[in-house]
Amino acid sequence: MRVAGRLAAQVLEMIDEHIRPGVTTGELDRICHDFIVDEQRAVPAPLNYKGFPKSICTSVNYQVCHGIPGNKRLKKGDLLNIDITIIKDGYHGDTSKMFFVGEPSILARRLAKTTQEAMRVGIAQIRPGASLGDVGHAIQRFAEGKRYSVVQEYCGHGIGRAFHEEPQVLHYGKPGEGITLMPGMCFTVEPMVNAGKRHIKLLSDGWTVVTKDRSLSAQWEHTVLVTQDGHEILTLRGEEREKPPAPGAATGTC
Ligand code: MF3
Ligand code: CO
Ligand code: CO
């Protein structure tokens, strides 16, 4: 799982320099596909997963998740999520982050930052004896405290030999609810946060999820292992190691 997590994180690091106005999401998909297959000798998990046609998910602006890469050209000011899942030696690593195309609006920057902080306050709860409700509650309290809303129809998930395993990891809830965490468990934390209302709809392509009110949406995702004394983020990128969150940032206080 550590190897799979590291490879998934490296795809997000690799794709960064390719994100600029004029590039299509289909071109980003091809670059990631070739890197995963030819350099990492790994498998892009989304390709043909339940009929998904591409190797990565690209969700732009009011798209919440599961956007299908295609001929759409990115333009200055777009807010983009890229979600990478790879399989290495039978194990899955799943991670996503937000990118800005050119200069973002103040709202886009604040939404992306708040969503990343929401993911971090959720992950900060993870230790043996804590519950999944503690994780979901921390995320919801933080995001709603910033006057944003949390999508409820999609959640994090156990991960390992399968892409999506039990349990469901809700990004809302009450402290103490849900299963109790134990060392060795592996799951994702991947909150989707909307600038407007939480409601979503599915586009006719059968995959792309968008906000009903067409407000901007953001998502960040890590694959996390429960350890004896806390947790280990398996999909951490170099930028997160070099520049960890400032002390006191995103501790859950509003
Ligand atoms: N990577 C997504 C997740 O975090 C799932 C994508 S499924 C796909 O769970 F088929 F759209 F790729
Ligand atoms: Co996931
Ligand atoms: Co994912």
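Just above sits the structure.
Residues numbered from 1 in each chain as written. Chains lettered and ligands numbered in written order. Predicted model: local features only at pLDDT ≥ 70, side-chain atom pairs only at ≥ 80, totals over all residues. Heavy atoms only, no water.

Undergrad: What exactly am I supposed to notice about the pairing of strand β2 (residues 57–60) here?
TA: Burial along β2 is two-sided: the residues Cys57 and Ser59 and Thr58 and Val60 are all buried. Pairing of β2 with strand β4 (residues 79–88) involves four bridges; the strand directions are antiparallel. Bridge assignment links Ser59 to a residue of β4, and that residue is Asn81. (Buried < 20%, exposed > 50% of the residue type's maximum accessible area, 1.4 Å probe, protein only. Helix = DSSP H or I, 4+ residues; strand = E, 2+ residues; numbered from the N terminus. Pairing = 2+ DSSP bridges.)

Undergrad: Whenever I open this one, the site of ligand 1 confuses me. Can you help?
TA: As a matter of local geometry, ligand 1 sits amid 14 residues, with Asp83, His157, His164, Glu190 and Glu221 nearest to it. Measuring from a nitrogen atom of ligand 1, one finds a side-chain N or O atom of Thr85 at 3.3 Å. Between ligand 1 and the protein, one listed contact pairs an oxygen atom with a side-chain N or O atom of Glu190 at 2.8 Å. For ligand 1, the accessible surface in isolation is 340 Å², of which the surrounding protein chains cover 97%. (Near = heavy atom within 4 Å. Polar contact = N/O pair within 3.5 Å; in protein donor to acceptor, adjacent residues only side chain to side chain. Areas by Shrake-Rupley, 256 points an atom, 1.4 Å probe, with all protein chains shown as cover.)

Undergrad: Would you explain the sheet that holds strand β11 (residues 200–202) in this entry?
TA: In a beta sheet, neighbouring strands are held together by backbone hydrogen bonds and run either parallel or antiparallel to one another. Spatially, three strands are ordered β3-β12-β11 in an open sheet, and the strand pairing comes out antiparallel. A strand with exactly one partner marks an edge of an open sheet, and here the two such strands are β3 (63–65) and β11. Here the strands of the sheet are splayed against their neighbours by 40 degrees on average, with no regard to which way each runs. Pairing geometry for β11 and strand β12 (residues 209–211), over three bridges, is antiparallel. (Axes fitted to C-alpha atoms, helices over the stretch in contact; angles between N-to-C directions.)

Undergrad: Help me understand the coordination of the cobalt ion (ligand 2) in this model?
TA: Metal coordination angles have textbook ideals: 109.5 degrees for a tetrahedral set of four donors and 90 or 180 degrees for an octahedral set of six. Around the cobalt ion (ligand 2), the protein supplies Asp94 (OD), His157 (NE2), Glu190 (OE) and Glu221 (OE) as donor atoms, at distances of 2.0 to 2.2 Å. Viewed at the metal, the six donor atoms of the cobalt ion (ligand 2) are separated by angles of 51 to 161 degrees, and the geometry they form is irregular. Mapped onto the polypeptide sequence, the residues donating to the cobalt ion (ligand 2) form the spacing pattern D-x62-H-x32-E-x30-E. Here the cobalt ion (ligand 3) and the cobalt ion (ligand 2) are spaced 3.3 Å from one another, each receiving a donor from Asp94. With Asp94 in strand β5 (residues 91–100) and His157 in strand β7 (residues 156–158), the pair connects residues that are 63 residues apart, well separated along the chain. We note that Asp94, like His157, is buried. (Donors = N, O, S within 2.8 Å, 3.2 Å for Na, K, Ca; no water. Tetrahedral: all angles 85-135°; square planar, octahedral: opposite > 155°, others 65-115°.)

Undergrad: How should I be thinking about helix α1 (residues 2–15) in this particular structure?
TA: Residue pairs spaced three or four apart in an α-helix point in one direction, given the helix's 3.6 residues per turn. An ideal rise of 1.5 Å per residue puts 20 Å on 14 residues; α1 measures up with 21 Å between its terminal C-alpha atoms. The inward-facing, buried residues of α1 abut α2 (25–39), β4 and β5. (Expected span 1.5 Å × (residues − 1). Contact = heavy atoms within 4.5 Å.)

Undergrad: Please clarify how the coordination of the cobalt ion (ligand 3) should be interpreted in this entry.
TA: The coordination sphere of the cobalt ion (ligand 3) contains the protein donors Asp83 (OD), Asp83 (OD), Asp94 (OD) and Glu221 (OE), at a distance range of 2.0 to 2.3 Å. Between consecutive donor residues of the cobalt ion (ligand 3), the sequence gaps follow D-x10-D-x126-E.

Undergrad: Is there a simple way to think about the nonpolar core in this case?
TA: Most often, soluble globular proteins keep nonpolar side chains buried together rather than apart. Judged by nonpolar contacts, the single largest core of 29 residues is most densely connected at Leu79, Leu111, Ile126, Leu181, Phe187 and Val189. Those elements that place two or more of their residues in this core are α3 (106–124), α4 (132–145), β9 (186–189) and β14 (222–226). Those residues in contact with Val189 that sit more than four places away from it in its chain are Met119, Ile123, Ile126, Val135, Ile139, His171, Trp220, Glu221 and His222. Of all hydrophobic cores here, the second largest spans 24 residues; its members include Met14, Ile15, Leu28 and Ile56. (Core = buried A, V, L, I, M, F, W, Y, C linked by side-chain atoms within 4.5 Å.)

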